[in-house]
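# Structural overview for review
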There are 2 protein chains.
Amino acid sequence: MRKIFILSFSLVVFSSWSQTPLKESFNLMPWPKAITENNQVFKLNQQLEVSINGPKSERVDRAATNFLRRISGRTGIFLDKGFPTSYNDNKNAAIKVAYQNVGDLNIDLDESYHLNVDENGVTINAPTDIGALRGLETLLQLTTNDSSNYYFSGVSITDAPRFVWRGLMIDVSRHFHPVDVIKRNLDAMAAVKMNVFHWHLVDDQGFRIESKVYPQLTELASDGLFYTQDQIKDVVAYASNLGIRVVPEIDVPGHGSAILTAFPNLGSKPGYVYSIERNSGVFDPTLDPTNDETYVFLENLFTEVVPLFPDHYFHIGGDENEGKHWDENKDIQKFKKKHGLKTNHDLQTYFNIKLEKILNKLGKNLVGWDEILTPTMPTTAVIHSWRGVSDGLPNGSTLIEAAKKGYKTILSNGFYIDRMEPIAKHYLNEPIGDIELTKEETARILGGEATMWSELATSLTIDSRIWPRTIAIAERLWSQKEINDVDNMLKRIKPISYSLEELGITHIKNRDVILRNISNNQDIDALSTLQKIAEPLKMYTRNKGGTEYKTYSPFTLFADACTADAEDALVFNKLVKAYSTKASSETKNAIQDYLIKWSKNHDRFKQLTASPILNDLEPLSKNLSEASKAISQILDNETLSDAALKQLQNNLEVLKQDHVDVEVAIINSLEILSKNALNN
Amino acid sequence: MRKIFILSFSLVVFSSWSQTPLKESFNLMPWPKAITENNQVFKLNQQLEVSINGPKSERVDRAATNFLRRISGRTGIFLDKGFPTSYNDNKNAAIKVAYQNVGDLNIDLDESYHLNVDENGVTINAPTDIGALRGLETLLQLTTNDSSNYYFSGVSITDAPRFVWRGLMIDVSRHFHPVDVIKRNLDAMAAVKMNVFHWHLVDDQGFRIESKVYPQLTELASDGLFYTQDQIKDVVAYASNLGIRVVPEIDVPGHGSAILTAFPNLGSKPGYVYSIERNSGVFDPTLDPTNDETYVFLENLFTEVVPLFPDHYFHIGGDENEGKHWDENKDIQKFKKKHGLKTNHDLQTYFNIKLEKILNKLGKNLVGWDEILTPTMPTTAVIHSWRGVSDGLPNGSTLIEAAKKGYKTILSNGFYIDRMEPIAKHYLNEPIGDIELTKEETARILGGEATMWSELATSLTIDSRIWPRTIAIAERLWSQKEINDVDNMLKRIKPISYSLEELGITHIKNRDVILRNISNNQDIDALSTLQKIAEPLKMYTRNKGGTEYKTYSPFTLFADACTADAEDALVFNKLVKAYSTKASSETKNAIQDYLIKWSKNHDRFKQLTASPILNDLEPLSKNLSEASKAISQILDNETLSDAALKQLQNNLEVLKQDHVDVEVAIINSLEILSKNALNN
């Protein structure tokens, strides 16, 4: 009976919001559009083969080869055949991948696929080769095992993305990130079905793309850290093989320090000495939009670099120009008057429209940050919405405004992963929400991008800033709006996050590298315990006044080992919340386990040979231990002396302060647990 | 009085063999030629600056910049200035680097330097910019700290290498290693003053360098995994900036499967179907030395690629040609007869001499593995000695033979790091020893190379196969012969090995990546305990018959997480040896700590959710725990029952077997500790 019941059960196609039971069974991210299970499994063994049926596609050849390596690497199975075969040569391969066309990478791309796994094998069918790639990634996520076998879970999946633009921006100006860093992140993007790499190549802190027409740009404004044109081509080809578009950004007219270091004559303030910026923040150097030479320069530069990027879109930045040097320049003021440009915004629009024409001539559409959204801007431009409440605008409002005004638009407000905010915030950052839009307006909302600004991220740490939070953003942009249960997402994301290590992502392994550096290669257990409850200061408070960290400051310290969503803090805070609602002894014991671990931790910390770096951490370690000990006693209903309570109060005060640029992510929970005792 | 004593003490210049006390104080590797200490220290603070005095050198500019980053990264000091300055602009920098000339990278290069550290600052003086680089690396190794400060130890060092050729060979054919893997290993080489990167680019398993003249080579024989010519140039320039020469190798006429996959017409066996080799071993495909087309092809290929490598030397391999296809080809037999070539060796010499002429015309000297050492080979060739006792020759004998016959020569016999043998063996692999040579003969012994063949190493694991053992080889080739105390080397190498993490070397961090993969992301402590006593099978026994591992087999398993010189085994074996000699209670307690840890470990192992991979490890875990428990009882003089003794005997038998391609590195010690009990 049971079997029959299951069979009939499997015939029901769940709509996405009724898939909760399946979401408990399968750790898929992003969650597919429709999935049914069939209670079968396909067992993996050394005879596993992949056949490919479709027009020649380097993408699928590579993806299928990598698929075999990854399956083999995870399971330890020594496959007989290490490469996929053509379907015509091998009609019996267990995994059959079929597609109709080689996809053209653009915003009309069809990425849908159908995946079926049953005990006889696997089929992936897709209109394009890129859809086939997406299906292979889903199949990898279905790998599981019992004690004696590895297998793929039996399911039938029909999948397609909600948004066509699912991007990750990496800022390579504030800190340069070499090709291998970019490539491994492209691999990770593909693993969670993202399809746009926005390459922020130029900013105040460095010009990072070789120009043969203007070699001064990298000679004078890159510290030797830039991509050659061959490397750019290599990355673009690599991305294309993963079904990822590459959108370059050359940020103008603001953020101009690097360009103006090489070409001071194009600056808005005559006589100003421009140099590569070493600090973080918003700076004054700005290209002069009234100088014809500026447009000659930009047209030559764009004409040179545009062919490196086959994508239809080209990002010109356009953000954070405060116009200070424009205001200080009488000739620019005269120009504005002469051309009827009332504000600096109008002047910048004048500039943007000129750039738009240059780019159109080169076959590209202009993309710019939301400051470019001004009344006279042509609707061929794409508006990249980034500002929100902290910039004096309702969150995401420019996205909706742009769509309503006829612009294509993408969302980054709420996806600023460099701010080290909790994953839940990004996950729930629904682009449209309940706002009613026409079909045309909805279609103009192309999607969004996680933005990885790198003022505070070097190649050592950038992966841990991008991942795992960007997996949640990838799901927000691929999956249906109704897929928004945070707890379930937190469960599913764990194995997906770990599996990124197989692609070389360093978000886990580099944490211990940093802790070994801090400990001077002593045992890192005591530091790991602290790392699991500490988070880097959020938003931009780590860079007080924008000048605390220079580009060459050390990013090898405790805050750099810490991440958003500190591992133990996430669990502990949930326990305390549950305990506050309903005080079960099970929850209490779980809380006590943490408190006891922390109370003992300072003894281990003290065993480390002292150093200046460790001294800086001592207040955190000591006060955490003392507070945990006292709170553990409180939780056991022991009565604390006045002196002990005073010490606890003091411990908590200290823990609320900044320590080596981190915040203690359990401080609220500790206060909740102490409140009654301290208030008595 | 003490101060005066110290001052006078510091004036004594130690010759290298009387420096034992200093070797206990300073963790320098390779150990310098002469060092004195002055009991002063130079304190580091945020005002630290480096000035450069010498002709423009990109090498020194980069090295000094990286020096500042590394100091900052280690100490957490936020330096005011992130870049070095010219001495003329800044005569007061604490660190003054001066050199006379920009060095030409060749075997006559002067790499000497003088380094002085006292409380007032640091001076590095060198004849060449490359000597200055070597001095900066030594200075980094002098970084130390107490609880309140970081400082450089006060010393005076006069240093120069013993051998001019201190190389690392990386085989990128059996497994391809991308540019970033090569670059990080070049950084690590420079950190221990190595100066030759031997790039084994072509072998049976793949042709890894782009040819524009013969694109078929990579199209048909690389699986898409090769270096573009731009990447080659980039690596060569990167190496040059580190003072490292790049010697390419295109291995001919044997190891020819890849070349012949693209050009079967050049093969020695007409009609043979050549294909990229997927197994390991010595194979038959061999270029036809009697075919004029072979020389046309090689001359065109060499003419194309030689300009990419400015070094004077070009390696043509020439090894392991067993001549099977020559013997099977009647035309080749006729050719031999016609030209009076009696043996296949004679025929190969005929081939080598033709290549030597081609290379000479291109301005290069030929280097070849020691099979090229035949009576008619011109002495302009360099002999690369690799064979030893396991190949039927006294170890290192071809090195001495070559030097005596007038050839320049380099040693790799004894430096085969891929064989996973103990570091002590490589460290004590003295090239010349007590053999008496003339001054001229001695001068012909240029040095040696660690050889990293990559049948069993992917980019995930290769660093842990190269490091830290290659540090010991670097010392053997740089330092004086008398620097050969293994225990002291093992003490000094620890911090140097850890510090390679700052250069991105993955030898430590990727171990846990693999254990996480094996555990399916569960707690890895139980696996770490096993990893610390297990070593990958040595020599080539892991590849039984040469066909066990294919190029696409998984290298993500337990043996890949293990390394030579297993961490706990090294200590435990030493303890047991000491205890056997003199049974102190201190030693006994230390031994018991390990035995108790191991006896408890299987309980932790069993807590892991089972999987096929973990099942394979279970016998190792279980028998280690049982044996450790019994031996711990024996050590405490408890009497074991006959059944218990029988079980112990059985445990030890099982532990002596292979387990998932590792050997238990403590097995001898366990047997020593059990012997009396088992013999009773």
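Everything quoted here is computed from the prediction, not taken from an experiment.

This part is about the relation of the copies chain B and chain A. Each copy superposes on the other: chain B lies on chain A with an RMSD of 0.0 Å after a rotation of 180 degrees and an axial shift of 0.0 Å. This pairing of chains is accounted for by a two-fold axis. When the interface residues of chain B are mapped onto chain A, 100% of them are again interface residues, pointing to one common binding face.

Right, let's get into the environment of Thr 506 of chain A. All names here are of chain A. For Thr 506, the location among the structural elements is in the loop between helix H18 (486-499) and helix H19 (509-518). For Thr 506, a relative accessible area of 5% gives the class buried. Residues Thr 506 and Pro 375, spaced 131 residues apart in sequence, show a C-alpha to C-alpha distance of 45 Å. Residue contacts for Thr 506: discarding those within four places in its chain leaves Arg 184, Leu 460 and Asp 463.

Time to look at the pairing of strand S4 (residues 95-101) of chain B. Residue and element names in this part refer to chain B. Note that strand S2 (residues 50-53) and S4 share 4 bridges and pair parallel. In the strand pairing of S4, Ser 51 is matched with Lys 96. Relative to strand S6 (residues 121-128), S4 is paired through 6 bridges, and the arrangement is parallel. Paired with Ala 98 across the strands is Asn 125, a residue of S6.

Attention shifts here to the pattern of salt bridges. Residue and element names in this part refer to chain B. Taken as a whole and judged by the stated rule, the model has 84 salt bridges over all chains. Lys 56 is paired through a salt bridge with Asp 61; the nearest N and O atoms lie 2.6 Å apart. With a relative accessible area of 71%, Lys 56 lands in the exposed category. One salt bridge in this structure joins Arg 492 and Glu 475, with 2.8 Å as the shortest N-O distance. Here Arg 492, found in helix H18 (residues 486-499), pairs with Glu 475, found in helix H17 (residues 469-478); they are 17 residues apart in sequence, far enough to count as distant. Relative accessible area serves as the criterion here: at 0%, Arg 492 is assigned to the buried category.

Another aspect to go through is the interface of chain B and chain A. At the interface, 51 residues of chain B touch 51 residues of chain A. Viewed at the interface, chain A and chain B are joined by 2 salt bridges. Here Arg 516 of chain B ties to Glu 501 of chain A by a salt bridge, and the two come within 2.7 Å at their closest N and O atoms. Our count for the chain B to chain A interface comes out at 16 residue pairs in polar contact (both at pLDDT 80 or more). Mapped onto the side of chain B that touches chain A, the elements with two or more residues apiece are helix H3 (58-75), helix H7 (229-241), helix H19 (509-519) and helix H24 (612-635) of chain B.

What follows deals with helix H5 (residues 179-191) of chain A. Since the α-helix advances by 3.6 residues per turn, residues separated by three or four positions end up pointing in the same direction. Residue and element names in this part refer to chain A. For H5, spanning 13 residues, the distance from its first C-alpha to its last is 18 Å, which sits close to the expected 18 Å at 1.5 Å a residue. With 12 of 13 residues buried, H5 lies mostly within the body of the structure. Residues of H5 that are buried make contact with helix H3 (58-75), helix H4 (129-141), strand S9 (165-171), strand S10 (196-203), helix H7 (229-241) and helix H16 (462-466). In the segment just after H5, Lys 193 is the residue with positive phi, at about 65 degrees.

Next up on the list: unusual backbone geometry. All names here are of chain A. Cis geometry is found at the peptide bond from Val 252 to Pro 253, where omega equals 0 degrees. Mapped onto the fold, Pro 253 is located in the loop between strand S12 (245-252) and helix H8 (257-262). Positive phi is not limited to glycine here, since Asp 223 has a value of about 55 degrees. Here the phi dihedral of Asn 520 falls at roughly 55 degrees; this positive angle occurs in a residue that is not glycine. Along the chain, Asn 520 turns up in the loop between H19 and helix H20 (525-531). On the accessibility criterion, Asn 520 (48% relative accessible area) is partly exposed.

Here we come to the side chain of Glu 441 of chain B. Residue and element names in this part refer to chain B. With respect to the helices and strands, Glu 441 occurs in helix H15 (residues 439-444). For the buried residue Glu 441, which engages in no salt bridge, the nearest side chain bearing the opposite charge is Arg 444, 5.0 Å off. Contacts of Glu 441, omitting those with residues within four sequence positions, involve Ala 403 and Lys 404.

Residue and element names in this part refer to chain B. Here Ala 262 shows up in helix H8 (residues 257-262). The buried category is assigned to Ala 262, whose relative accessible area is 11%. It is 8.5 Å that separates the C-alpha atoms of Ala 262 and Ser 275, two residues lying 13 residues apart in sequence. Those residues in contact with Ala 262, other than ones at most four positions away along the chain, are Gln 216, Leu 217 and Leu 220.

As a further point, take H24 of chain B. Residues and elements named next belong to chain B. For H24, spanning 24 residues, the distance from its first C-alpha to its last is 35 Å, which sits close to the expected 34 Å at 1.5 Å a residue. At Glu 618, H24 is deflected by roughly 40 degrees, the largest bend along its length, and proline Pro 619 occurs up to four residues later in sequence. Downstream of H24 by one or two residues, Asn 637 has phi in the positive range, about 65 degrees.

Our focus in this paragraph is the packing of aromatic side chains. Given two aromatic rings, their pairing is described by the distance between the two centres and the angle made by the two planes. For the structure shown, the criterion picks out 43 aromatic pairs over all chains. With centroids separated by 6.2 Å and ring planes inclined at 45 degrees, the aromatic side chains of Tyr 416 of chain A and Trp 453 of chain A adopt a geometry described as tilted. Of this pair, Tyr 416 of chain A sits in the loop between strand S16 (408-411) and helix H14 (423-427) while Trp 453 of chain A sits in the loop between strand S17 (445-452) and H16, and the two are 37 residues apart along the sequence. Tyr 416 of chain A sits in the buried class, given a relative accessible area of 6%. The interplanar angle of 45 degrees and the centroid separation of 4.7 Å between the aromatic rings of Phe 176 of chain B and Tyr 227 of chain B together place this pair among those described as tilted. In this pair, Phe 176 of chain B is assigned in the loop between strand S9 (165-171) and helix H5 (179-191) and Tyr 227 of chain B in the loop between helix H6 (216-221) and H7, connecting sequence segments 51 residues apart. In this structure Tyr 227 of chain B comes out as buried when scored by relative accessible area, which is 0%.

Moving on to the packing of helix H22 (residues 567-581) of chain B against helix H23 (residues 585-607) of chain B. Residue and element names in this part refer to chain B. The contact between H22 and H23 brings their axes to 9 Å, and the two run at 140 degrees. For the element pair H22 / H23, the angle class is oblique. The two elements H22 and H23 cross, and the hand of that crossing is left-handed. Residue-level inspection shows Asp 568, Val 571, Phe 572, Leu 575, Val 576, Ala 578 and Tyr 579 of H22 in contact with H23, the latter providing Thr 587, Lys 588, Ala 590, Ile 591, Tyr 594, Leu 595, Lys 597 and Trp 598. Looking at side-chain class alone, the contact of H22 with H23 contains 11 nonpolar, 1 polar and 3 charged residues.

Cut-offs applied
Residues numbered from 1 in each chain as written. Chains lettered and ligands numbered in written order. Predicted model: local features only at pLDDT ≥ 70, side-chain atom pairs only at ≥ 80, totals over all residues. Heavy atoms only, no water. Least-squares fit on C-alpha atoms with pLDDT ≥ 70 in both. Contact = heavy atoms within 4.5 Å. Helix = DSSP H or I, 4+ residues; strand = E, 2+ residues; numbered from the N terminus. Buried < 20%, exposed > 50% of the residue type's maximum accessible area, 1.4 Å probe, protein only. Pairing = 2+ DSSP bridges. Salt bridge = Lys/Arg side-chain N within 4 Å of Asp/Glu carboxyl O. Polar contact = N/O pair within 3.5 Å; in protein donor to acceptor, adjacent residues only side chain to side chain. Expected span 1.5 Å × (residues − 1). Lys, Arg positive; Asp, Glu negative; His and termini not counted. Bend = angle between axes of the 7 residues up to and from the residue. Phe/Tyr/Trp six-rings, centres within 6.5 Å; stacked < 30°, edge-to-face > 60°. Axes fitted to C-alpha atoms, helices over the stretch in contact; angles between N-to-C directions. Parallel < 35°, antiparallel > 145°, perpendicular 65-115°, else oblique. Left-handed = near helix turned anticlockwise from the far one by under 90°. Nonpolar A, V, L, I, M, F, W, Y, C, P; charged D, E, K, R; others polar.

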